[in-house]
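So you can see what is in the structure, the chains are spelled out below.
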Amino acid sequence: MAQVIRKPDEIAKMRRAGRVVAEIHEATKAAIKPGVTTAELDQIARHVIAKRGARSNFLNYRGFPATICTSPNDMIVHGIPGPYRLAEGDIISIDCGAIVEGYHGDAAYTAGVGKISPEATRLIAVTEQSLSAGIAQMTAGTRLHEIGRAVQKVAEAAGFSVVEEYVGHAIGTEMHEQPQVPNYWPGTPGPILKVGHVFAIEPMVNAGRPDTKLLDDGWSVVTADGSLSAHFEHTIAVTDAGPEILTLL
Ligand code: MG
Ligand code: MG
């Protein structure tokens, strides 16, 4: 089935949902410091969602118990907030979303806790750059998999690797719509991007090998080799004027 084309009024709602997501990013980023628990970060996100009259698309998603995913250090994605206390030198990935009038936003970032190592700093910077490179491909007429090709090029040029088991996705009235968006070149160009397509692009970049491991909680995904991992994500619309990032303040 062809991907849904979102009309301007739908994209306006996604912009509003994206703004709530960006507010959660701001509020959680401001709270990240040694000693804070990941459960406390989740409470901050709940508060922002409630204050804006939005709904969480993470809470109860296939039974997920929180409004954000919190993934420290070698955890790639889908970490469950809880008693874990952030420590000086950690890196922490926060992924969250919101629903406004039935339309979804989804975005993630990775931040350092206090002073972090030069390697961790570089991993975070490169992962964010890889997302920007992917977004720059989101113009009408471009093939979808050019996004992953651009992401992979940036990550691998820096000596890092791209996770392949978890990918980006189209987004709209559901958080995860078809098609998926790999963060690497899958060997085929994929469908042609059109004005009105909206995607969540979300590179996960590992300092070591790309291999992943699922922990016993059934959610938390970590690097198989224990290396650090970073994750950045935005929700972006293809417009006449090029890519528009919807998950911004
Ligand atoms: Mg996300
Ligand atoms: Mg996503």
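Colleague: Kindly report on the overall build of the protein, identifying the contributing residues and their values.
Modeller: In terms of helices and strands, the protein carries four helices and 14 strands. Taken over the C-alpha trace, the protein has a radius of gyration of 17 Å; the compact-globule value for 249 residues is 18 Å, and the two agree within 12%. For the protein, the C-alpha atoms occupy an extent of roughly 45 × 40 × 30 Å along the three principal directions. A total of 249 residues make up the protein; the buried ones form 55% of that total.

Colleague: Help me get a handle on the sheet that holds strand 9 (residues 204-206), residues and values and all.
Modeller: In sheet architecture, strand pairing relies on hydrogen bonds along the backbone and comes in two forms, parallel and antiparallel. The strand order across the open sheet formed by three strands is 5-9-12, and the pairing between neighbours is antiparallel. Each having just a single partner strand, strand 5 (161-162) and strand 12 (229-231) make up the two edges of the open sheet. Relative to strand 12, strand 9 is paired through three bridges, and the arrangement is antiparallel. Across the sheet, residue Asn206 finds its bridge partner in strand 12, namely Ser229. Strands strand 9 and strand 12 of the sheet are contacted by helix 3 (residues 118-136), whose axis makes an angle of about 35 degrees with strand 12.

Colleague: A description of the coordination of the magnesium ion (ligand 2) should follow, citing residues and the corresponding values.
Modeller: Within the protein, the atoms that donate to the magnesium ion (ligand 2) are Asp106 (OD), His169 (NE2), Glu202 (OE) and Glu233 (OE), at distances of 2.1 to 2.2 Å. Sequence spacing among the residues donating to the magnesium ion (ligand 2) works out to D-x62-H-x32-E-x30-E. The distance between the magnesium ion (ligand 2) and the magnesium ion (ligand 1) is 3.2 Å, with Asp106 acting as a donor to both metals. Residue His169 is located in strand 6 (residues 168-170), and its partner Glu233 is located in the loop between strand 12 and strand 13 (234-239); the two are separated by 64 residues in the primary sequence.

Colleague: Give me the packing of helix 1 (residues 8-31) against helix 2 (residues 38-51): which residues, what numbers.
Modeller: For the pair helix 1 and helix 2, the least separation of the axes is 9 Å and the interaxial angle reads 145 degrees. Remark: the crossing between helix 1 and helix 2 carries right-handed chirality. Seen from helix 1, the contacting residues are Val20, Glu23, Ile24, Ala27, Thr28 and Ala31; seen from helix 2, they are Leu41, Ile44, Ala45, Val48, Ile49 and Lys51. Its residues assigned to classes, the contact of helix 1 with helix 2 shows nine nonpolar, one polar and two charged.

Colleague: A description of the coordination of the magnesium ion (ligand 1) should follow, citing residues and the corresponding values.
Modeller: Around the magnesium ion (ligand 1), the protein contributes the donor atoms Asp95 (OD), Asp95 (OD), Asp106 (OD) and Glu233 (OE), at 2.0 to 2.6 Å from the metal centre. Every donor residue of the magnesium ion (ligand 1) comes from the same chain, spaced as D-x10-D-x126-E.

Colleague: Account for the environment of Arg209, naming residues and giving values.
Modeller: Note on placement: Arg209 falls in the loop between strand 9 and strand 10 (212-214). By relative accessible area, Arg209 is classed as exposed at 53%. In this structure, the C-alpha to C-alpha distance between Arg209 and Asp225, residues 16 residues apart in sequence, is 6.6 Å. Once residues within four sequence positions are removed from consideration, Arg209 is found in contact with Ser161, Asp225 and Ser227.

Colleague: Just give me the short version of the nonpolar core, but keep the residues and values in it.
Modeller: One finds Val20, Ile24, Ile32, Leu41, Met138, Phe199 and Ile201 to be the most contacted residues of the largest nonpolar core, which totals 48 residues. When residues of this core are traced back to their parent elements, those giving at least two are helix 1, helix 2, strand 3 (91-100), strand 4 (103-112), helix 3, helix 4 (146-157), strand 8 (198-201) and strand 13. In this structure Met138 touches Ile147, Leu193, Phe199, Ile201, Ile236, Ala237, Val238, Gly242 and Pro243, once residues within four positions along its chain are discounted. Counting residues in hydrophobic clusters, the runner-up holds eight residues, among them Met14, Val198, Ala200 and Ala237.

Colleague: Talk me through the packing of aromatic side chains; I want residue IDs and the actual numbers.
Modeller: Here the structure, examined in full by the defined rule, presents one aromatic pair. The residue whose ring lies beneath Lys29 is Tyr109, and the NZ or CZ to ring-centre distance is 4.6 Å.

Colleague: Got a sec to walk through the packing of helix 3 against helix 4? Specific residues and values, please.
Modeller: Across the interface, helix 3 lies against helix 4 with an axial gap of 8 Å and an inter-helix angle of 155 degrees. When the axis of helix 3 is compared with that of helix 4, the two are roughly antiparallel. Crossing of helix 3 over helix 4 shows right-handed handedness. On helix 4, the residues touching Val126, Gln129, Ser130, Ala133 and Gly134 of helix 3 are Ile147, Ala150, Val151, Val154 and Ala155. Per-class residue counts for the contact of helix 3 with helix 4 are seven nonpolar, three polar and no charged.

Colleague: Outline the environment of Phe232, supporting the account with residue identities and numerical values.
Modeller: Looking at the element boundaries, Phe232 is found in the loop between strand 12 and strand 13. Sequence spacing of Phe232 and Tyr109 is 123 residues, and the spatial spacing of their C-alpha atoms is 4.5 Å. With residues near it in sequence (within four places) discarded, Phe232 still touches Ala108, Tyr109, Thr110, Ile124, Thr127, Glu128, Leu131, Ile201, Glu202 and Pro203.

Parameters at a glance
- Residues numbered from 1 in each chain as written.
- Chains lettered and ligands numbered in written order.
- Predicted model: local features only at pLDDT ≥ 70, side-chain atom pairs only at ≥ 80, totals over all residues.
- Heavy atoms only, no water.
- Helix = DSSP H or I, 4+ residues; strand = E, 2+ residues; numbered from the N terminus.
- Rg over C-alpha atoms; globule rule 2.2 N^0.38 Å.
- Buried < 20%, exposed > 50% of the residue type's maximum accessible area, 1.4 Å probe, protein only.
- Pairing = 2+ DSSP bridges.
- Contact = heavy atoms within 4.5 Å.
- Axes fitted to C-alpha atoms, helices over the stretch in contact; angles between N-to-C directions.
- Donors = N, O, S within 2.8 Å, 3.2 Å for Na, K, Ca; no water.
- Left-handed = near helix turned anticlockwise from the far one by under 90°.
- Nonpolar A, V, L, I, M, F, W, Y, C, P; charged D, E, K, R; others polar.
- Core = buried A, V, L, I, M, F, W, Y, C linked by side-chain atoms within 4.5 Å.
- Phe/Tyr/Trp six-rings, centres within 6.5 Å; stacked < 30°, edge-to-face > 60°.
- Lys NZ or Arg CZ within 6 Å of the ring centre and 35° of its normal.
- Parallel < 35°, antiparallel > 145°, perpendicular 65-115°, else oblique.

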